[in-house]
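In case you want the letters, here they are:
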Amino acid sequence: MANIAEVLGRLTPDEVDELRSLGPQGHLPRHLVDALDRAAGGSGSGKGYYVANGNVSATGGPLLVLRSDVSSWLAGAPS
C-alpha cells in the first residue's frame, strides 16, 4: 500500500477539503470512495484507506469511514 501522503496527494483539492469536512467518523459518499480508489490505483485499490464502521446504509451497504491514521493525517496536513 502506498503511503498516505502519496495517495491523498492525487486527490483534487475539493476532494481533500470534502474529506476533511467529514471528520474522522463521517460516512464516505460513493464519489469519495471512488476518488480514493482512483488515487490508490484503480477500482477497489483504496480499500486500505477506508473501512466499514460496522453499520449499514438504508440500502444495506456498509457505511465507510476513513481509517483513523488517514483521518489523523488529513487533520494535521497543511491546507
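Residues numbered from 1 in each chain as written. Predicted model: local features only at pLDDT ≥ 70, side-chain atom pairs only at ≥ 80, totals over all residues. Heavy atoms only, no water.

1. Some thoughts on the side chain of Ser71
Phase 1: With respect to the helices and strands, Ser71 occurs in helix α4 (residues 68-76).
Phase 2: A relative accessible area of 10% places Ser71 in the buried class.
Phase 3: Ser71 has contacts with Gly23, Pro24 and Leu66, leaving out every residue within four places of it along the chain. (Helix = DSSP H or I, 4+ residues; strand = E, 2+ residues; numbered from the N terminus. Buried < 20%, exposed > 50% of the residue type's maximum accessible area, 1.4 Å probe, protein only. Contact = heavy atoms within 4.5 Å.)

2. Here's the deal with the pattern of salt bridges
Once their charged atoms are close, side chains differing in charge can pair, the charge on each being opposite to the other.
Phase 1: For the structure on display, the rule yields four salt bridges.
Phase 2: With a closest N to O distance of 2.9 Å, Arg38 and Glu15 form a salt bridge. Here Glu15 lies in helix α2 (residues 13-22) and Arg38 lies in helix α3 (residues 30-40), a separation of 23 residues in the sequence.
Phase 3: Note that Arg67 and Asp69 form a salt bridge whose closest N and O atoms lie 2.5 Å from each other. (Salt bridge = Lys/Arg side-chain N within 4 Å of Asp/Glu carboxyl O.)

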